[in-house]
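# Remarks on the overall topology
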Amino acid sequence: MARILSGKEFAAKIKEDAGRAVAELKAEGVHPRLAVVIVGADPASEVYVRNKQKACAELGIISDHIALPADTAKEELITRIDALNADASVHGILVQLPLPEGLRAYEEEVLERIDPRKDVDGFHPVNVGRLVLGAPGLRPCTPAGCIRMLELAGIPIEGAHAVIIGRSNIVGKPMGHLLLERNATVTVCHSRTQNLAAVAREADILVAAVGRPGFVTADMVKPGATVIDVGINRIAPKKLVGDVDFNAVSEIAGAITPVPGGVGLLTVAMLMQNVVQAARDVTRDFGA
Ligand SMILES: Nc1nc2c(c(=O)[nH]1)N[C@@H](CN(C=O)c1ccc(C(=O)N[C@@H](CCC(=O)O)C(=O)O)cc1)CN2
């Protein structure tokens, strides 16, 4: 039976460290502040935003909730972002995704408008470029959370063969770069990959980020491998499952993350860490 990697335990540790950093910043006269922009009323997004604001409150970070109607014009959203960029008391800005239907085509433009120093999601091309180059910058929260969890759990990354299933800009691609930065041998699989099960079976660390319930089955996992499930699939109003067939795979794997209760919790914890980093960088550049 696999070791269960509980997101709650690792998230608590990450938040504890971030909380200490917040206290240090406050002692220096800097009060970290996050602006969360949500457009429309997607129920799942509202839950995630609430969780982010709850975590801010726990750690003593100020959080502003900017809720805009679903029919907000792109220009209005851009104007709001510009105002937050110019406000020296705001250290972090995030726009909750997905944007509503009418704005979805402008997602790239909207994310690019955020000052890269305040881009606590790590989605801005400047931060993506820094990640690819291995330069300091704000890293995307979910993949950075997975890496931190492996480190805290004492699971070796260096020299491991990591196989990622999924090549999204938010998870798959940044995960590949973060693993490469830590000297893993990385394979990224996608919908056109041939013999995917055989490739997955080569993995010491298998990351599933496809968005398909139960996609990773026991025959795709090498005995003893670490399996990280980044999938969030709502299959009924109160039933959330990942991309991994948890019961069968946990008989084979050495370690596995559950859904819920896995890497989703680390996403929020790493966001707190990014807000701390942004507060330091923004204060250095804008002044306290
Ligand atoms: N601006 C952003 N938008 C989105 C991001 C993001 O990182 N930045 N990621 C996802 C949604 N998300 C955070 O925003 C997120 C998803 C899931 C969880 C989480 O805690 N999951 C729990 C289960 C929660 C539940 O029951 O619904 C778990 O896995 O245990 C946190 C954050 C897309 N949009």
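Calculation rules
Residues numbered from 1 in each chain as written. Predicted model: local features only at pLDDT ≥ 70, side-chain atom pairs only at ≥ 80, totals over all residues. Heavy atoms only, no water. Helix = DSSP H or I, 4+ residues; strand = E, 2+ residues; numbered from the N terminus. Polar contact = N/O pair within 3.5 Å; in protein donor to acceptor, adjacent residues only side chain to side chain. Contact = heavy atoms within 4.5 Å. UniProt positions renumbered as here; feature names shortened; annotations may be inferred. pLDDT = per-residue confidence, 0-100. Salt bridge = Lys/Arg side-chain N within 4 Å of Asp/Glu carboxyl O. Pairing = 2+ DSSP bridges. Axes fitted to C-alpha atoms, helices over the stretch in contact; angles between N-to-C directions.

## Notes on the side chain of Thr-267
Topologically, Thr-267 is positioned in helix α10 (residues 263-286). In this structure the side chain of Thr-267 is engaged in a polar contact, spanning 2.8 Å, whose partner is the side chain of Thr-142. Other than its neighbours up to four places away in sequence, Thr-267 contacts Cys-141 and Thr-142.

## Side note on the UniProt feature "binding site: NADP(+)" (unreviewed entry) in the protein
Under the present numbering, the feature "binding site: NADP(+)" (unreviewed entry) in UniProt falls on Gly-166, Arg-167, Ser-168 and Ile-232. Note on placement: Gly-166 falls in the loop between β5 (161-165) and α7 (172-181). The residues contacting Gly-166, other than those within four sequence positions of it, are Gly-172, Val-188, Cys-189 and Ala-209. Position of Ile-232 relative to the elements: it lies in the loop between β8 (226-229) and β9 (233-236). Not counting chain neighbours up to four residues away, the residues in contact with Ile-232 comprise Tyr-48, Leu-240 and Val-241.

## Some details on the confidence of the model for the protein
Predicted confidence across the protein gives a mean pLDDT of 97, with 100% of residues reaching 70 or more. We note a pTM of 0.96 for the whole complex and an ipTM of 0.93 for its interfaces.

## A closer look at the pattern of salt bridges
Counted by the stated rule, this structure contains 19 salt bridges. Between Glu-58 and Lys-15 there is a salt bridge, and its shortest N-O distance comes to 3.4 Å. With Glu-58 in helix α2 (residues 43-59) and Lys-15 in helix α1 (residues 7-27), the pair connects residues that are 43 residues apart, well separated along the chain. Several salt bridges share partner residues, and in doing so they unite Lys-13, Glu-16, Asp-17, Arg-20, Arg-139, Arg-148, Glu-151, Glu-181 and Arg-182 into one network.

## Things to note about the sheet that holds strand β2 (residues 33-39)
Taken in spatial order, the three strands make up an open sheet running β3-β2-β4, and their pairing is parallel. The strands lining the two open edges of the sheet, one partner per strand, are β3 (62-68) and β4 (92-95). The average angle at which neighbouring strand axes cross in this sheet is 15°, direction not considered. Where β2 meets β3, seven bridges bridge the pair, whose relative direction is parallel. If you follow Leu-34 over to β3, its bridge partner there is Ser-63. In the packing of α2 onto the sheet, the strands contacted are β2, β3 and β4, and the crossing angle to β2 comes to about 170°.

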